[in-house]
Amino acid sequence: MGMLRLIHKFAATSWGYNVLQIMGGYWVTRPHWIKFFQDCQGTVVDIGGGTGMVGGMLSRPARYICLDNESAKLDSIATQAEGILGDACCMPIKTATADFVTCLAVTHHLSNDQLSSALRECARVLKPGGTLKLADATWKPYRLPGRLLWAIDRGANPRTTEHLREAVSKYFQIERTDRMAFYHDYVAFTCRPRTVGKG
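## Here's the deal with the overall build of the protein chain
Phase 1 of the analysis: Within the protein chain one finds seven helices and seven strands.
Phase 2 of the analysis: Secondary structure elements in the protein chain, listed N-terminal to C-terminal, are α-α-α-β-β-α-β-β-α-β-α-α-β-β.
Phase 3 of the analysis: Within the protein chain, the fraction of its 199 residues that count as buried is 44%.
Phase 4 of the analysis: Taking all contacts inside the protein chain whose residues are at least 6 apart in sequence as the whole, residues at least 24 apart take part in 62%.
Phase 5 of the analysis: Taken as a whole, the protein chain presents about 10,300 Å² of accessible surface, with 56% of it coming from carbon and sulfur.

Put into structure tokens, the structure is as follows:
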């Protein structure tokens, strides 16, 4: 238990966070994420963005805003990025501000109620016609590497693809689903907010 607390403390630092991302296969999965985020442009709000890795994967000019609740991570984001200290469940961002909202490997840190609030906030900050790009590892207990990583991860709420899809679908119309696998199985949704009064 002491070792687990030490790992979590290490992960809360910008340097430790980056090291653990690399150990978790970031350089292997990065080409997939670059392709997933390639159409993001305009104002891009990255929820739980950590040290701003998504900003470094954008292929088009964008105003990149990295929102995270740990200031130590935001201290090391790129100078051209905007770091905002805040909670995904109550974003300090104006309504209808973002052309894209990105959310990579964050949902497993959120309880069901927090996830619902965060998705509602994502819909709020998107401009009309805006797009949410959301991806995370999914819970598949038969994958031993994934189970080992979940055992040390700070996120306590891994979900199956079906559970994550159900949560997202309450607020968004999923237009495309992508999948990939390395240590974990990942699912990635491209979606738009549901029209008010329809679902």
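## As for the pattern of salt bridges
If the charged atoms of two oppositely charged side chains come close together, the side chains can form a pair.
Phase 1 of the analysis: If you walk through the whole model with that rule in mind, you get seven salt bridges.
Phase 2 of the analysis: A salt bridge links Asp39 to Lys133, with the nearest nitrogen and oxygen atoms 3.2 Å apart. Highlighted residues: Asp39 in the loop between helix H3 (26-36) and strand S1 (42-47) and Lys133 in strand S5 (residues 126-138), separated in sequence by 94 residues.
Phase 3 of the analysis: Asp39 sits in the partly exposed class, given a relative accessible area of 29%.

## Structural notes on the sheet that holds strand S6 (residues 172-181)
Strand pairing in a sheet is mediated by backbone hydrogen bonds. Such pairs are either parallel or antiparallel.
Phase 1 of the analysis: Strand order in this open sheet of seven strands is S3-S2-S1-S4-S5-S7-S6, and the pairing throughout is mixed. Each having just a single partner strand, strand S3 (82-85) and S6 make up the two edges of the open sheet. Across this sheet, the average inter-strand angle for adjacent strands is 20 degrees, counted without regard to direction.
Phase 2 of the analysis: Two elements, strand S4 (residues 98-104) and S5, share six bridges in a ladder whose sense is parallel. Within the sheet, the bridge partner assigned to Leu104 lies in S5 and is Ala135.

## Points about the environment of Val44
Phase 1 of the analysis: You can see Val44 is positioned in strand S1.
Phase 2 of the analysis: When sequence neighbours within four positions are dropped, the list of residues in contact with Val44 reads Leu58, Ala62, Arg63, Tyr64, Ile65, Phe100 and Thr102.

## Focus: the environment of Cys40
Phase 1 of the analysis: Along the chain, Cys40 turns up in the loop between H3 and S1.
Phase 2 of the analysis: Separated by 15 residues in the primary sequence, Cys40 and Gly55 place their C-alpha atoms 10.0 Å from one another.

## A few points about the nonpolar core
Phase 1 of the analysis: Within the largest apolar cluster, 29 residues are counted, with the highest numbers of intra-cluster contacts made by Ile47, Val101, Leu119, Leu132 and Phe172.
Phase 2 of the analysis: When residues in this core are grouped by element, the largest group, five residues, is from helix H5 (residues 112-125).
Phase 3 of the analysis: Sequence-distant contacts of Ile47, that is, excluding residues within four places in its chain, are made with Leu67, Ala88, Met91, Val101, Thr102, Cys103, Val106 and Cys122.
Phase 4 of the analysis: Within the second largest apolar cluster, 20 residues are counted, among which are Leu58, Tyr64, Phe100 and Ala188.

## Focus on helix H7 (residues 161-169)
Phase 1 of the analysis: Within H7, burial applies to Thr161, Leu164, Ala167 and Val168. The arc enclosing the buried residues of H7, seen along the axis, measures out at 130 degrees, which places them on a common side. Seen from the open side of H7, the exposed residues pointing more than 90 degrees away from its buried face are Glu162 and Glu166.
Phase 2 of the analysis: Contacts from the buried residues of H7 go to H5, S5, S6 and strand S7 (185-193).

## Considerations on the packing of aromatic side chains
Two aromatic rings, taken as a pair, are described by how far apart their centres are and by the angle between their planes.
Phase 1 of the analysis: One pass over the full model with this rule turns up three aromatic pairs.
Phase 2 of the analysis: A ring pair is formed by Trp33 and Phe36, whose centres lie 6.1 Å apart and whose planes are at 70 degrees; its orientation type is edge-to-face. Here Trp33 and its partner Phe36 are both found in helix H3, three residues apart, which amounts to about one turn of the helix.
Phase 3 of the analysis: Taken together, the ring pairs in this structure connect Trp33, Phe36, Phe37 and Tyr186 into an aromatic cluster.
Phase 4 of the analysis: Here the basic side chain of Lys133 rests over the ring of Phe36, its NZ or CZ set 4.7 Å away from the ring centre.

About the criteria used
- Residues numbered from 1 in each chain as written.
- Predicted model: local features only at pLDDT ≥ 70, side-chain atom pairs only at ≥ 80, totals over all residues.
- Heavy atoms only, no water.
- Helix = DSSP H or I, 4+ residues; strand = E, 2+ residues; numbered from the N terminus.
- Buried < 20%, exposed > 50% of the residue type's maximum accessible area, 1.4 Å probe, protein only.
- Contact = heavy atoms within 4.5 Å.
- Areas by Shrake-Rupley, 256 points an atom, 1.4 Å probe, with all protein chains shown as cover.
- Salt bridge = Lys/Arg side-chain N within 4 Å of Asp/Glu carboxyl O.
- Pairing = 2+ DSSP bridges.
- Axes fitted to C-alpha atoms, helices over the stretch in contact; angles between N-to-C directions.
- Core = buried A, V, L, I, M, F, W, Y, C linked by side-chain atoms within 4.5 Å.
- Arc of directions from axis to C-beta.
- Phe/Tyr/Trp six-rings, centres within 6.5 Å; stacked < 30°, edge-to-face > 60°.
- Lys NZ or Arg CZ within 6 Å of the ring centre and 35° of its normal.

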